[in-house]
Amino acid sequence: MESFKGLFDHYNYVVTIVLMIAGLYIVIARGNMIKKLVGLMLFQTSVYLLYIAPGKVIGGTPPVLDAKFTVYSNPLPHVLILTAIVVGVATIALGLALVTRIHEAYGTIEEDEIFARDEQE
Amino acid sequence: MSALTAQLPGLQVVIPLLGAVVAAFIRRGTIAWGWATLITAMTPIVAFALLIQVWTGGPISYHMGGWPPPIGIEYRVDLLNAFVLVLVSLVSAIMMPYARRSVAHEIDGDKQAWFYCMYLLCLTGLLGITITGDAFNAFVFMEISSLSSYVLIAMGRDRRALVAAYQYLIIGTIGATFYVVGVGLLYLVTGSLNFADIALRLGEASAVYPRPVLAGLAFLFVGISLKLALFPLHVWLPNAYAYAPSFATAFLAATATKVAIYLLLRVIFSIYGVALDLKTLPVSAVLYPLSIAAMFIASILAVYETNLKRMLAYSSVAQIGYITLGIALMNQAGLTGGIVHLFNHALIKGALFLALGAILYRAGTIKLEQLGGVGRTMPLTCAAFVVAGMSLMGVPGTAGFISKYYLIVGALNAGMWPIAFLIVASSLIALVYIGRAVEVAYFRPVSSAVAHAKDPPLLMLVPLLVLAFASVYFGIDTELSAGVAGRVAETLLSGLKVGGAN
């Protein structure tokens, strides 16, 4: 019972782990290059949750100085993840650009077909 | 002057960063090359100034934007990263003159300027990872260098370069994300992102939360290992190196993996080693088998490879095995060997890949079977290849010998003579694959592809000869390489927490 309670107490971590594994699984299991990128995005997004969820202090207010409030949420994880989101967007944009070029060069975005065409050369 | 000296750590990163922004507005390839060469030439000056400052005055702490650590981002320069800064910036500056002809030959006219822009961004990222004292800042720089290196690789002429860049993007992003997860776990248990501050608080945190601390190490280790191509996480490397433009291959082979190894050293020795007893963590236990597997399996794969660039790429994976073996030994001689090999291997691989680029420039191919007799038509290029190749094997009197000497002494001091034997045995495999290339180059009749080839123009030849000469010179005068590396190893090891107080 104790371990079940632990799972529910830390449900944000459970969600993070499920997202992380799902994303990683898609990257490994799919041969379609766009789907791989979707998996990669899911994987990166899980990390955003890992950072942001513990930053919330229950009963805390947004971190704005005011004499009436003494408990604030931690703003630092949000700032970090804002940076990480920018990095993630840049990565996916570059990935999609590469897939477009690969489609122009090979006429397909399925990994096994691309390897088969390279083998023939 | 002293005002400028105080800003050196910032300038180290800001100069190439602004250089890249300016390069993005240049349209002509030659002008962009001139600009990139000028910018790159400034970085080793800054790096040497920092090294001298650190050598005489101890570590420098630079507060970005005037915010003191651990609140603000700190650029912290100690002997280890000053050494890596010198290595990265110096090798890049030596290679830059080579780029003009090689890039003009391999990349379409309208894309050349972008190539230099991406190169400068990549250099910014690599120098940034090395100089920063902030774990999250290191991630941002890691992504700057990675994203630009994907573009550099994708610019190769072969369409397979695109697939190689895509695969590197997927694996590189997974690696960087693992690194952020590790940093996140450390942040959750210590509340800090500054390397030194994390190290200070980690011992206490680990007593309360032992599992996240250990999981954080695992995530950091795997993430960085993907970046440094530790066997068996190296699968992205051979294709990326084989199909990238020659200059990009030489640049990335000499610098990118070395910076990742630096980050691994930082995490193991400056964070975990300071806070916890390394002997109780499974770092060496993981590194030993993987390093030895890399030394043998990757070397054997290199023997069976006929594309010379791929052959050297596999050889890089094997050589990284020697460096991580030095880290795994964790004693004075072993660690010195690992760090000095980081330096020597950058010079050696830089020279070898530049030689291949020159052969591709003149003969149009780097397939082994088409290169018969190339040693007679391109004598200086091939001489440089042979010299650097001998250094790779570790022939006495070359830089490679110094690295292996320290590694073997380290293994013997640790009481592990089988490892000393394995180091020698795996070097013999290097003799096979370098020897095979030499045999084709000198003892075969001149083939049609190389019949009209000659040594490349001076701008390409000089950087190649300088690096080849350096890979021998640092086998004789070891003060800058082994001297500094020895002191770095001493500092890292003396900072370690010994015994199991926790």
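Residues numbered from 1 in each chain as written. Chains lettered and ligands numbered in written order. Predicted model: local features only at pLDDT ≥ 70, side-chain atom pairs only at ≥ 80, totals over all residues.

Visitor: Hey, could you go over the confidence of the model for chain A for me, with residue numbers and the actual values?
Guide: The share of residues in chain A with pLDDT of 70 or more is 98%, and the mean pLDDT across the chain is 87. Across chain A, the secondary-structure element scoring lowest on mean pLDDT is helix 1 (residues 2-9) of chain A, at 73, and the one scoring highest is helix 4 (residues 76-106) of chain A, at 92. (pLDDT = per-residue confidence, 0-100. Helix = DSSP H or I, 4+ residues; strand = E, 2+ residues; numbered from the N terminus.)

Visitor: Could you give an account of the interface of chain B and chain A, with specific residues and numbers?
Guide: The partner chain A presents 26 residues to the 21 residues of chain B that form the contact. Among the elements of the structure, helix 6 (135-154) and helix 7 (160-190) of chain B are those that each provide at least two residues to the side of chain B that touches chain A. At 14 residues, helix 7 of chain B tops the list of elements feeding residues into the side of chain B that touches chain A. Considered class by class, the residues forming the side of chain B that touches chain A number 15 nonpolar, 3 polar and 3 charged. (Contact = placed C-beta atoms within 7 Å. Nonpolar A, V, L, I, M, F, W, Y, C, P; charged D, E, K, R; others polar.)

Visitor: Can you break down the packing of helix 2 (residues 11-29) of chain A against helix 3 (residues 33-55) of chain A residue by residue, with the values?
Guide: All names here are of chain A. Where helix 2 contacts helix 3, the axes come no closer than 7 Å and their chain directions differ by 160 degrees. On the basis of their axis angle, the class for helix 2 and helix 3 is roughly antiparallel. In this structure, helix 2 crosses over helix 3, and the sense of that crossing is left-handed. The segment helix 2 lies against helix 3, with N12, V15, T16, L19, M20, A22, G23, L24, I26 and V27 engaging K35, K36, V38, G39, L40, L42, F43, T45, S46, L49, L50 and A53. For the contact of helix 2 with helix 3, the residue count by class is 14 nonpolar, 6 polar and 2 charged. (Axes fitted to C-alpha atoms, helices over the stretch in contact; angles between N-to-C directions. Parallel < 35°, antiparallel > 145°, perpendicular 65-115°, else oblique. Left-handed = near helix turned anticlockwise from the far one by under 90°.)

Visitor: So what about unusual backbone geometry? Which residues, and what values?
Guide: Residues and elements named next belong to chain B. For the bond from F231 to P232, the omega torsion is -5 degrees, close enough to zero to count as cis. Relative to the assigned elements, P232 resides in the loop between helix 9 (210-228) and helix 10 (236-243). Positive phi outside glycine occurs at A229, with the angle close to 60 degrees. Looking at where A229 falls in the secondary structure, it is placed in the loop between helix 9 and helix 10. You can call A229 buried: it has 28 C-beta atoms within 10 Å. (Buried ≥ 20, exposed ≤ 12 C-beta atoms within 10 Å, placed from the backbone.)

Visitor: Let's hear about the domain arrangement of chain B: which residues, and what values?
Guide: Residues and elements named next belong to chain B. Splitting chain B by domain gives domain 1 (1-276) and domain 2 (283-502). Taking only C-alpha atoms, the centre of domain 1 and the centre of domain 2 are 22 Å apart. Taken residue by residue, the interface counts 44 residues in domain 1 and 48 residues in domain 2. If you list the elements that add at least two residues to the side of domain 1 that touches domain 2, you get helix 4 (79-106), helix 8 (195-208), helix 10 and helix 11 (246-275). No other element matches helix 11, which puts 18 residues into the side of domain 1 that touches domain 2. (Domains from an automatic or database assignment.)

Visitor: Hey, could you go over the confidence of the model for chain B for me, with residue numbers and the actual values?
Guide: Counting all residues, the mean pLDDT for chain B is 89, and 99% of those residues have values of 70 or more. Predicted complex metrics record ipTM = 0.93 and pTM = 0.92.

Visitor: Talk me through the packing of helix 12 (residues 283-303) of chain B against helix 13 (residues 308-329) of chain B; I want residue IDs and the actual numbers.
Guide: Residue and element names in this part refer to chain B. Viewed as axis vectors pointing N to C, helix 12 and helix 13 meet at an angle of 155 degrees, and their least axial separation amounts to 8 Å. Comparing the axis directions of helix 12 and helix 13 gives the class roughly antiparallel. Regarding helix 12 and helix 13, the two cross each other, and that crossing is left-handed. Counted together, S284, L287, Y288, L290, S291, I292, A294, M295, A298, S299, L301 and A302 of helix 12 and M311, Y314, S315, V317, A318, I320, G321, Y322, T324, L325, I327 and A328 of helix 13 form the full contact between these two elements. Considered class by class, the residues forming the contact of helix 12 with helix 13 number 18 nonpolar, 6 polar and no charged.

Visitor: Provide a residue-level description of helix 12 of chain B, including the pertinent values.
Guide: All names here are of chain B. With 21 residues, helix 12 ought to run about 30 Å at 1.5 Å a step, and its terminal C-alpha atoms sit 30 Å apart, in line with that. Of all bends in helix 12, the biggest is about 25 degrees, found at A294. Among all positions in helix 12, only V283, L287, S291, I292, A294, M295, A298, S299 and A302 are buried. Turning to helix 12, the residues buried within the fold contact helix 11, helix 13 and helix 18 (417-443). (Expected span 1.5 Å × (residues − 1). Bend = angle between axes of the 7 residues up to and from the residue.)

Visitor: So, the nonpolar core: which residues are in play, and what are the values?
Guide: Ranked by size, the top nonpolar core spans 236 residues in total, and within it I153, A165 and A351 of chain B carry the most contacts. When residues of this core are assigned to their parent elements, the largest contribution, 21 residues, is made by helix 11 of chain B. Built from parts of two domains, this core gets at least three residues from each of domain 1 (1-276) and domain 2 (283-502) of chain B. In this structure, A165 of chain B is in contact with L98 of chain A together with Y150, I153 and A154 of chain B, ignoring residues within four places of it in sequence. (Core = buried A, V, L, I, M, F, W, Y, C linked by C-beta atoms within 7 Å.)

Visitor: Explain helix 2 (residues 8-23) of chain B to me, using residue names and the numbers behind them.
Guide: All names here are of chain B. Taking 1.5 Å per residue as the helical rise, helix 2 with its 16 residues ought to reach 22 Å, and the 22 Å between its terminal C-alpha atoms agrees with that figure. At V14, helix 2 is deflected by roughly 30 degrees, the largest bend along its length, and proline P16 occurs up to four residues later in sequence. Listing the buried residues of helix 2 in full gives P9, Q12, V13, I15, P16, G19, A20 and A23. Here the buried face of helix 2 lies against helix 3 (29-57), strand 1 (60-63), strand 2 (74-77), helix 4 and helix 5 (109-131).

Visitor: Tell me about the environment of T40 of chain B, and name the residues and values.
Guide: Residues and elements named next belong to chain B. Relative to the assigned elements, T40 resides in helix 3. Measuring from C-alpha to C-alpha, the distance between T40 and L90 comes to 8.6 Å, with 50 residues separating the pair along the chain. Setting aside chain neighbours within four positions, we find T40 in contact with S92, A93, M96 and L123.

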